[in-house]
Amino acid sequence: MMQNLFSHAHEPDYVSLQPTEEAALEVVIGVPSDEAFDGFTDGIHLWWPVAEQSVFGESSHVAMLRDHLVEESLEGEEIILADIESWESPTHLSLVWAFGNESVEEREVDISFDLVEGGMTRVKATFHTLQGLDSLGEGEFFCDWSLILSRYARFMGGAVQLD
């Protein structure tokens, strides 16, 4: 039966956009920017916290393939977590999150790799955080960038400075 055919039919529920606020986290690691960039991109499968920050869980595999950040399950099922908007090795990476946060207008994450004194690199992630959201719905996935940068820094030999 075609229930929505008539103008007096019940309107479907629409997902409203959640307000966001820009935030930034940074870590200084003791390697040059080219190594820092390569560790973040090429080595992401070695450090990404899949137990806490994945769809398929601890046995999944995260990688940057072609123009996407993808997660693959043990069974070979693959989803796109983010689209790679910009890849400027070794200084900048921009991702547009594609999975699980359709109710958020701002989904871009900018990651910069800036050489600092002593041949070290400041890695800074700029992103949007949700304001006034009590809980996530089923299938919603928001990154904990503090955890992600901490795991990345540990993989790269430890943070010289974690802000």
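Residues numbered from 1 in each chain as written. Predicted model: local features only at pLDDT ≥ 70, side-chain atom pairs only at ≥ 80, totals over all residues. Heavy atoms only, no water.

With that settled, the discussion passes to a negative patch on the surface. A surface patch of like charges, here negative, comprises Asp34, Glu35, Asp38 and Asp42. On the secondary structure map, Glu35 appears in helix H1 (residues 33-41). Given a relative accessible area of 42%, Glu35 falls into the partly exposed group. (Patch = residues over 30% accessible without salt bridge, like charges linked within 9 Å, V, L, I, M, F, W, Y side chains within 5 Å. Areas by Shrake-Rupley, 256 points an atom, 1.4 Å probe, with all protein chains shown as cover. Salt bridge = Lys/Arg side-chain N within 4 Å of Asp/Glu carboxyl O. Lys, Arg positive; Asp, Glu negative; His and termini not counted. Charge placed at Lys NZ, Arg CZ, Asp CG, Glu CD. Helix = DSSP H or I, 4+ residues; strand = E, 2+ residues; numbered from the N terminus. Buried < 20%, exposed > 50% of the residue type's maximum accessible area, 1.4 Å probe, protein only.)

With that out of the way, let us pick up the packing of H1 against helix H3 (residues 145-155). Direction vectors running N to C along H1 and H3 enclose 120°, while the axes themselves pass 10 Å from each other. In terms of their interaxial angle, H1 and H3 are classed as oblique. Once H1 is placed against H3, the crossing between them reads as right-handed. On H3, the residues that touch Ala36, Phe37, Gly39 and Phe40 of H1 are Trp145, Tyr152 and Phe155. When its residues are assigned to classes, the contact of H1 with H3 shows 6 nonpolar, 1 polar and no charged. (Axes fitted to C-alpha atoms, helices over the stretch in contact; angles between N-to-C directions. Parallel < 35°, antiparallel > 145°, perpendicular 65-115°, else oblique. Left-handed = near helix turned anticlockwise from the far one by under 90°. Contact = heavy atoms within 4.5 Å. Nonpolar A, V, L, I, M, F, W, Y, C, P; charged D, E, K, R; others polar.)

With that out of the way, let us pick up the nonpolar core. The biggest cluster of nonpolar side chains holds 33 residues, and the ones touching the most others in it are Trp48, Leu69, Ile111, Trp145 and Tyr152. Among the elements that take part in this core, H3 stands out by supplying 5 residues, more than any other. Setting aside anything within four residues of it in sequence, one finds Leu69 in contact with Ile44, Trp48, Val62, Ala63, Met64, Ile79, Ile80, Leu81, Ala82, Ile84, Leu95 and Trp97. (Core = buried A, V, L, I, M, F, W, Y, C linked by side-chain atoms within 4.5 Å.)

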